[in-house]
Structure formats: C-alpha cells, structure tokens
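Spelled out from the first residue to the last, the chains are:
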Amino acid sequence: MKNKKQPMRRCIGCMQSKPKEQLIRIAWFEGKLSLDPTGKAKGRGVYICRDQACLEKATKRGAFARSLHEDPGRPQIERVAEELAAELGRQTAEGDDHAE
Ligand SMILES: [Zn+2]
C-alpha cells in the first residue's frame, strides 16, 4: 500500500523538504526539548534529518531558537544530539550493513 500524498516536512539543519518519515521530530514542551521518534509527543515540534550533520548545522545556525521561538539552550540541544546518535546507532545495528 503506497501513500502517494506524503506529508513533507523541512529539516531545520539543511532546510530541505523531505517526506516526514525520513525525518525525526524533536519536541519542545514546557521548556523541555526531547527527541520524539514516534512523532506524537506534545508540544511544538521541529524536524531534522536522521543525520547528525544536520543537527550540528541546526545548532550552529541557532535554528532551534528560531523555529521554536524560544531558546532551549545548549545543554538540552546536546542531550538531544546524544539521543539522536543513539537512535541512529540502533538503526544502523539493525540493518543496512553496507560498511566498506
Ligand atoms: Zn537535513
């Protein structure tokens, strides 16, 4: 079953629009920033590629503060970066064994 009308979201790192499922949501709720792999967490959400490089870009450009209209602060962003790294590591371990 193919869903032709894929919802698109824009990564706050590379600013490219991609199908939502290729991105990961980061939720901002009551002053707390957290990785939201399910996409169902409460609060305002921003989307980012499943790529550490995009998170770094977003951090450097202050994209979180701009997209959320509030600055989550560096410690929270760093924690989310770690959560994203763990999430990506898990995916790599599960499949896609394409190492050279
Ligand atoms: Zn990106």
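Preceding this section is the structure that the text describes.
The following paragraphs examine the structure supplied in this document. None of the values given here were measured: they were computed from a predicted structure.

**Focus on the pairing of strand β4 (residues 32-36)**
Link 1 in the chain: Both strand β3 (residues 23-29) and β4 contribute to a ladder of five bridges, which runs antiparallel. In the sheet register, R25 faces β4, and the bridge partner there is D36.
Link 2 in the chain: Hairpin remark: β3 followed by β4, antiparallel, with two residues in the connecting loop; positive phi at E30, about 50°.

**Looking at unusual backbone geometry**
Link 1 in the chain: Although it is not a glycine, E30 adopts a positive phi angle of roughly 50°.
Link 2 in the chain: Along the chain, the position of E30 falls in the loop between β3 and β4.
Link 3 in the chain: E30 sits in the exposed class, given 6 other C-beta atoms within 10 Å.
Link 4 in the chain: Look at H69: it is not a glycine, yet its phi comes out positive at around 65°.
Link 5 in the chain: Topologically, H69 is positioned in the loop between α2 (63-68) and α3 (74-94).

**Comments concerning the sheet that holds β4**
Link 1 in the chain: Strand order in the open sheet formed by three strands is β4-β3-β5, with antiparallel pairing between adjacent strands. Looking along the sheet, the strands with just one partner apiece sit at the ends: β4 and β5 (44-49). Direction aside, neighbouring strands of the sheet carry axes that sit 25° apart on average.
Link 2 in the chain: The pairing of β3 with β5 spans six bridges and is classified as antiparallel. Pairing of L23 across the sheet is with C49, part of β5.

**Side note on the environment of K60**
Link 1 in the chain: Residue placement: K60 occurs in helix α1 (residues 52-60).
Link 2 in the chain: Taking the C-alpha atoms as reference points, K60 and G13, separated by 47 residues in sequence, lie 9.1 Å from one another.

**Some thoughts on the nonpolar core**
Across soluble globular proteins, you tend to see nonpolar side chains buried next to one another.
Link 1 in the chain: Formed by 20 residues in total, the largest nonpolar core has its most connected members in C11, I12, I26, I48 and A58.
Link 2 in the chain: Those elements giving two or more residues to this core turn out to be β3, β4, β5, α1, α2 and α3.
Link 3 in the chain: In contact with I26, other than residues within four places in its own chain, are L33, L35, D36, G45, V46, I48 and V80.

**Some details on α1**
Link 1 in the chain: Of the positions making up α1, those classed as buried are C54, L55 and A58. Projected down its long axis, α1 carries its buried residues within an arc of 100°, all on one side. Opposite the buried face of α1, by more than 90 degrees, sit the exposed residues A53, E56 and K60.
Link 2 in the chain: Backbone geometry just after α1 places G62 at a positive phi near 70°.

Here is what the cut-offs are and how they apply
Residues numbered from 1 in each chain as written. Predicted model: local features only at pLDDT ≥ 70, side-chain atom pairs only at ≥ 80, totals over all residues. Pairing = 2+ DSSP bridges. Helix = DSSP H or I, 4+ residues; strand = E, 2+ residues; numbered from the N terminus. Buried ≥ 20, exposed ≤ 12 C-beta atoms within 10 Å, placed from the backbone. Axes fitted to C-alpha atoms, helices over the stretch in contact; angles between N-to-C directions. Core = buried A, V, L, I, M, F, W, Y, C linked by C-beta atoms within 7 Å. Contact = placed C-beta atoms within 7 Å. Arc of directions from axis to C-beta.

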